[in-house]
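Fold and geometry: a report
Listed here are the chains, written in short residue letters.
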Amino acid sequence: MRRVSVSLLLTSILMAAPAVAQVQSRPTDPPIVTANNESWYFNGEPIQFAGDLYYPAGAAVFFDGNTMVRSGHYNGVPLYTDTTLEPYSVVYVPLERGVMQPYERLRQGSLAGTTASRAPSFPVSVTASSTPLPQAASAPTAPPQPIGAISVYTPESAARTSGASIPSPVGTGGVPAPTPGRQNGTAIVTIGRPTSNDGIWIPYLGEKWISAGPAVPVTSEQFRVVGNYEGFPVFARRDTSEQVIYVPTRAGLAAPYRLKQ
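Thresholds, definitions, all that
- Residues numbered from 1 in each chain as written.
- Predicted model: local features only at pLDDT ≥ 70, side-chain atom pairs only at ≥ 80, totals over all residues.
- Heavy atoms only, no water.
- Helix = DSSP H or I, 4+ residues; strand = E, 2+ residues; numbered from the N terminus.
- Contact = heavy atoms within 4.5 Å.
- Areas by Shrake-Rupley, 256 points an atom, 1.4 Å probe, with all protein chains shown as cover.
- Buried < 20%, exposed > 50% of the residue type's maximum accessible area, 1.4 Å probe, protein only.
- Core = buried A, V, L, I, M, F, W, Y, C linked by side-chain atoms within 4.5 Å.
- Pairing = 2+ DSSP bridges.
- Phe/Tyr/Trp six-rings, centres within 6.5 Å; stacked < 30°, edge-to-face > 60°.

A separate point is the overall build of the chain. Check the secondary structure of the chain and you find 3 helices and 16 strands. The contacts of the chain with a sequence gap of at least 6 include a subset with a gap of at least 24, amounting to 49%. Working note: accessible area of the chain is about 19500 Å², and carbon and sulfur atoms make up 56% of it.

Here we take up the side chain of Thr-67. With respect to the secondary-structure elements, Thr-67 resides in the loop between strand 3 (61–62) and strand 4 (68–74). Thr-67 gets classed as buried once you look at its relative accessible area, which sits at 18%. Among all residues touching Thr-67, those that are not within four sequence positions of it are Thr-81, Asp-82, Thr-83 and Thr-84.

Another aspect to go through is the nonpolar core. Counting 13 residues, the largest nonpolar core has Trp-40, Ile-47, Leu-79, Val-91, Val-93 and Tyr-103 as its most contacted members. Taken together, the elements giving at least two residues each to this core come down to strand 1 (47–49), strand 5 (77–82), strand 6 (90–94) and strand 7 (99–104). Leaving out residues up to four positions away in the same chain, Val-93 has contacts with Ala-35, Trp-40, Ile-47, Val-77, Leu-79, Val-99, Met-100, Gln-101 and Tyr-103. One finds Ile-202, Tyr-204, Tyr-229 and Ile-245 within the second-largest nonpolar core, a separate group that totals 10 residues.

So, about the pairing of strand 5. Summarising burial for strand 5: 6 of the 6 residues are buried, a large majority. Direction of pairing for strand 4 relative to strand 5: antiparallel, over a ladder of 6 bridges. Its bridge partner lying in strand 5, Gly-72 is registered against Leu-79. Taking the residues between adjacent antiparallel strands as the criterion, strand 4 and strand 5 are bridged by 2 residues, where Asn-75 takes a positive phi near 55 degrees.

This paragraph deals with unusual backbone geometry. Unusually for a residue other than glycine, Asn-75 sits at a positive phi of about 55 degrees. Secondary-structure assignment places Asn-75 in the loop between strand 4 and strand 5. Since its relative accessible area comes to 53%, Asn-75 is described here as exposed. In this structure, Tyr-88 takes a positive phi of about 65 degrees despite not being glycine. Counting through the fold element by element, Tyr-88 comes out in the loop between strand 5 and strand 6.

With that out of the way, let us pick up the packing of aromatic side chains. Under the definition given, this model contains 7 aromatic pairs. When the centroid spacing of 5.7 Å and the interplanar angle of 70 degrees are considered together, the rings of Phe-49 and Tyr-54 count as edge-to-face. The class of Phe-49 is buried, set by a relative accessible area of 8%. Where Phe-223 meets Tyr-246, the ring centres are 5.0 Å apart and the plane angle is 80 degrees; that geometry is what we call edge-to-face.

Bridging between strand 13 (residues 223–229) and strand 14 (residues 232–237) involves 6 bridges; their strand directions are antiparallel. Considered in strand 14, the bridge of Tyr-229 is made with Phe-232.

With that settled, consider the environment of Asn-228. By the element assignment, Asn-228 lies in strand 13. The sequence separation of Asn-228 and Tyr-204 amounts to 24 residues, and the corresponding C-alpha distance is 8.8 Å. Beyond its immediate sequence surroundings of up to four residues, Asn-228 is in contact with Tyr-204, Pro-233 and Val-234.

A few words now on the environment of Pro-78. Along the polypeptide, Pro-78 turns up in strand 5. In this structure the C-alpha to C-alpha distance between Pro-78 and Thr-34, which are 44 residues apart in sequence, comes to 7.8 Å.

A few words now on the environment of Gly-98. Turning to its location among the elements, Gly-98 is positioned in the loop between strand 6 and strand 7. Gly-98 gets classed as partly exposed once you look at its relative accessible area, which sits at 34%. The spacing of Gly-98 and Ile-32 is 66 residues in sequence and 9.3 Å in space, taken between C-alpha atoms. In this structure, Gly-98 is in contact with Val-61, Phe-62 and Phe-63, ignoring residues within four places of it in sequence.

In structure tokens:
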């Protein structure tokens, strides 16, 4: 009877003793899939991770299974983070031979003026970025100005014989007034005057053809094809022998050009 009591007492003591468990940390397995054959890695494109864009930055490091853990993936390539750094500050992309390329996000917006656990590779913005998207200065409603058009000018000789005279400057403060055409003792040179006013023109059949007015509708009854210019058909009127050709501008319309005399 005494032996039975001792056995029950020992059993109750063993059951009441707290169990002690052993916890062992296991390093992260090295990555198998790498980004060496990915086009976005070759082109240096940013990757998307945790709702933000990360850009390649800094020198590559070797994989450390004791501090790096897998945190996501991008286009099938696993992404890793370092548990000793600020979360979401740096993400690592695996490459061949155990090399990891770090990617960082820009310190802008809500992160403006802050730094992570280490100095970032990109400049830190002082204020939140609020740069608007580039827009056109105004709607292009005005017709384009023809390239090569030169305005009519009055020859300088005519201006001299028109009777108008330019008074010579007179100094009143003891300092000689500057001479027209000179500034601080240096002669001012201007661009020479244009020598022609041909406007818009095209070369065709070794000749120069000048724009002769707005585009007109082209129909098979009134026009015939007489040649080719830069892959476009050249038309001429059927009922006249004038030296005017028509070059298509858009569907159903052609602009006239006359031969320069």
